[in-house]
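Chain and residue survey
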Amino acid sequence: MDAPIPDLAERADACAQRLRSADSVVLASHIDADGLTSAAIAASALERAGIPFRTVFSKQLDAEEIAGIAELEPDTALFTDFGSGQLDIIAEHEAAGDFTPVIADHHQPATADDADGEAAEGADAEAPETEFHLNPLLFGINGASELSGAGASYALARALEPEGGDNRDLAALAVVGAVGDMQASGGELHGANERIVEEGVAADALETGTDLAMYGKQTRPLPKLLEYSSDVNIPGISNDESGALRFLDELDLDLKSDGEWRRWVDLDEEEQSEVSNALIQHAIQKGVPTDKIEGLAATSYTLTDESVGTELRDASEFSTLLNATARYERADVGLAVCLGDRGPALERARQLLRDHRRNLSEGIQWVEEEGVNREENLQWFHAEDRIRETIVGIVAGMAVGADGVDRGLPIVAFAEKSEEEVKVSSRGTHSLVRKGLDLSQVMGEASRAVGGDGGGHDVAAGATVPAGTEAEFVERADDIVGEQLS
C-alpha cells in the first residue's frame, strides 16, 4: 500500500528498520491526548510487528527524564510526541552509546543554543541530528497545523506493518490526537492530516460528515449542548441556561424521551436539520456576523467501532477524555482506553473527566474573580497553588473572552510546580498567529533568559522557570510578543 504521507515515507521506513533490528525498545511518550494516542499507535504497531517493548510516560522530557530512560538500558529508545525539542540532550546519550534514539514528533527541533538563545561559541546553530528523526517540520510540513505527534507515529506504524498486515485502523487514534492537539482549525483537519483521515475512512475506522460545530453531541443533553457551546457565541443561548431551554421549548419537535432531554446523536437527520436551521435563524436575528454563523457547521470525525452515545464515538470528546487522564497523572488509564479497555479503565477515565471538569470550572471562576494583569502586548495571571499546574494552560485558554480577559492579547498563566519551579502556560489565537505570534519562540526565549526552558507550538506553548523569576519572565515575554506583532 502507498505511504500515507509520501514526504515522510523514506524516513519512516528507516525508523521502522531500526526498530525491527532492536534487541529491546523503550517507548517513551508525552501524556496529553496527542501523546497518549501517539503511544497507543506505536505500541499497537510494535506489538503487531512482534517487537518487544516497554512503555514509560513523561509529563516533561528533560535531562533527568532522559537519563532515567538510559538507565533502563534499552537498545533503542522510541520517543513519541516529544524528543525533537530535546534532541541536543538525546544526541549526547546516543554519542555515549546509551541507546539509539528513534523520534516520532512534531515539535520544533532543539538547536545548539546557549541559555540566551544565541548560538553558543563554536557550536553549530543547526539542530543536532540523529539518523532516525521522523518530524514533519524536517520535510516542509507544518507540525502545528498539518500533522500531530500521533500523525508522525501513524506514519511510523504504517512503515512497521508486517507482511500482509494493515495498520490503517490506527488512523482513528491519529485523528483523535490531531483533534486533541487543536489542529482542526476552521472546523476540519488540513494537510497531511487529511491523508490520514482518508486512510481511516478507507479502513472503515472513521466516518466524516458536516455536522453542528458543538462539543458534546454524543453525550450532552440538548440544553447543555447549546448552553455550553463556546466556539460560536449565540446571544440568548450560549452561557444562558434559561435561554437554551426557551429556544428548545419553542421548537415544534419532541426533544424529550421519558421526560429526559435527548442528545444530538439521538435525533434523526430531519430533527437535526430543523434544530440547526432554527439556530441559524436565531443567530441572524441576534446580529451574529455571517462568518461566525458559518462556523456553526464543521467536519465531524466519528470512530465507527465505538458505541453510539459514548465519549469515544466522537474524536473531540475522546481527546477530552484522554486529556483528563493525563492531567491527573494517570497516563496508564488513558493508554489502556486507547488500546481497547472498555471496562475499569474507561470507567476510571470517566471519573477523572468529571473531576477535571469541576476543577476547570473552579479555575475559570477564580480567574474571573481575581482578574488578569495587562502588559503592553500580553495579559497574565499567577494562580500559585490555587490551580493545578497540569491544567492551568487549559484554564487560561478557556478564560479568554471572559469578563476582563482580552481576546486580542495572548495570555500567560503561572502555577506552582514545586518549591523551586513554576509552570508557565501560554495561549493565543489563530488570528494572532497569522499576524506573527509564535508562542513557542516566546516561551523558549523568555524562559531561557531566566534560567528555565520551554517551547511548544505557535498558538499554545509552555515553560518551566525558577520560582521568583516570573516578573522578569513577563517583561521579556512582553517584549518578544511586541516584536512579533509589530
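Thresholds, definitions, all that
- Every chain is numbered independently, its residues counted from 1 as its sequence is written.
- At least 70 in pLDDT is required for a residue's local features to be given in this predicted model, at least 80 for side-chain atom pairs to be given and counted, and no such filter applies to totals for whole chains, interfaces and linings, which use all residues.
- The basis for the side-chain values is all heavy atoms of the structure; hydrogens and waters are excluded.
- Whether two strands pair depends on DSSP finding at least two bridges between them.
- Helix numbering and strand numbering both begin at the N terminus, where a helix is a DSSP run of H or I of at least 4 residues and a strand a DSSP run of E of at least 2.
- Categorising residues by exposure relies on relative accessible area from a 1.4 Å probe, with only protein chains included: less than 20% of the type maximum marks a residue as buried, more than 50% marks it as exposed, and the intermediate range marks it as partly exposed.
- In this analysis, two residues are considered to be in contact whenever any of their non-hydrogen atoms come within 4.5 Å of each other.
- Any N or O atom pair separated by 3.5 Å or less is treated as a polar contact, with the protein-specific requirement of one donor-capable and one acceptor-capable atom, and with residues adjacent in sequence counted only for side-chain atom pairs.
- A pair is scored as a salt bridge if a Lys or Arg side-chain nitrogen falls within 4 Å of a carboxyl oxygen belonging to Asp or Glu.
- UniProt positions are given in the numbering used here, feature names are shortened, and annotations may be inferred rather than shown by experiment.
- The residues that make up patches have over 30% relative accessible area and no salt bridge, and they are joined within 9 Å when like-charged or within 5 Å when they are Val, Leu, Ile, Met, Phe, Trp or Tyr.
- The Shrake-Rupley method, run with a 1.4 Å probe sphere, supplies the accessible areas, and residue values consider only the shown protein chains as cover.
- Charge convention: Lys and Arg are scored as positive, Asp and Glu as negative, and His as well as the terminal groups of each chain are ignored.
- Lysine's charge is taken at NZ, arginine's at CZ, aspartate's at CG and glutamate's at CD.
- Two rings from Phe, Tyr or Trp (for Trp, the six-membered ring) form a pair when their centres sit within 6.5 Å of each other. Planes less than 30 degrees apart are called stacked, planes more than 60 degrees apart edge-to-face, and all others tilted.

What about the sheet that holds strand β2 (residues 53-57)?
Spatially, the 5 strands line up as an open sheet ordered β2-β1-β3-β4-β5, and their pairing is parallel. Since the sheet does not close on itself, it has two edges, and those belong to β2 and β5 (133-134), each with one partner. Bridge count for strand β1 (residues 25-29) against β2 is 5 bridges, and the pairing is parallel. Following the sheet pairing, S29 is matched in β2 by F57.

Considerations on helix α17 (residues 439-449)
Within the sequence span of α17, burial applies to L439, S440, V442, M443, G444, A446 and S447. On its buried face, α17 sits against β12 (411-416), β13 (421-427), β14 (453-456), β15 (460-466) and α18 (470-485). A distance of 3.1 Å separates the backbone nitrogen of S440 from a side-chain oxygen at the start of α17, and that oxygen is part of D438. Count one or two residues on from α17 and you reach G451, which has phi positive near 90°.

A look at the sheet that holds β13
If you trace the 6 strands from one edge of the open sheet to the other, you get β10-β11-β12-β13-β15-β14, paired in mixed fashion. Where the open sheet ends on each side, the last strands, each with one partner, are β10 (373-374) and β14. With 4 bridges connecting them, strand β11 (residues 379-382) and β12 associate as parallel partners. Pairing of F381 across the sheet is with A413, part of β12.

A look at the pattern of salt bridges
Side chains bearing opposite charge may pair, as long as their charged atoms lie close to each other. In this structure the tally under the stated criterion is 20 salt bridges. Measuring nitrogen to oxygen at the nearest pair gives 2.7 Å for the salt bridge that ties K59 to E389. Note that K59 is positioned in the loop between β2 and α3 (63-71) and E389 in the loop between β11 and α15 (392-399), a separation of 330 residues in sequence. A relative accessible area of 37% means that K59 is categorised as partly exposed.

With respect to the UniProt feature "domain: DHHA1" (unreviewed entry) in the chain
The UniProt entry lists residues 387-482 under the feature "domain: DHHA1" (unreviewed entry), expressed in the numbering used here. Between the C-alpha atoms that bound residues 387-482 the distance is 28 Å, and the span itself is 39% helix and 25% strand.

Thoughts on a negative patch on the surface
Residues D62, E64, E65, D385, E416, E419, E420 and E421 make up a contiguous surface patch of negative charge. Here E65 is to be found in helix α3. Taking relative accessible area as the criterion, E65 reaches 34% and is therefore assigned partly exposed.

A word on the environment of V459
Its place among the elements puts V459 in the loop between β14 and β15. For V459, a relative accessible area of 12% corresponds to the buried category. Taking the C-alpha atoms as reference points, V459 and R434, 25 residues apart in sequence, are found 9.9 Å from one another. Once residues within four sequence positions are removed from consideration, V459 is found in contact with S426, R427, G428, T429, H430, V433 and L439.

Observations concerning the packing of aromatic side chains
Under the defined criterion, the tally for this structure stands at 5 aromatic pairs. Note on W380 and F414: the rings are 6.0 Å apart at their centroids and 85° apart in plane angle, and the pair reads as edge-to-face. Here W380, found in strand β11, pairs with F414, found in strand β12; they are 34 residues apart in sequence, far enough to count as distant. Comparing W380 with F414 shows no difference in burial state: the two are buried. With centroids separated by 5.8 Å and ring planes inclined at 80°, the aromatic side chains of F414 and F473 adopt a geometry described as edge-to-face. Of the two residues, F414 sits in strand β12 while F473 sits in helix α18, which places them 59 residues apart along the sequence. When its relative accessible area of 0% is taken as the criterion, F414 is described as buried. A residue is classified by how much of its surface remains accessible, and F473, at 0% relative accessible area, is buried. Among the aromatic residues, ring-to-ring pairing joins F79, F82 and F99 into one connected group.

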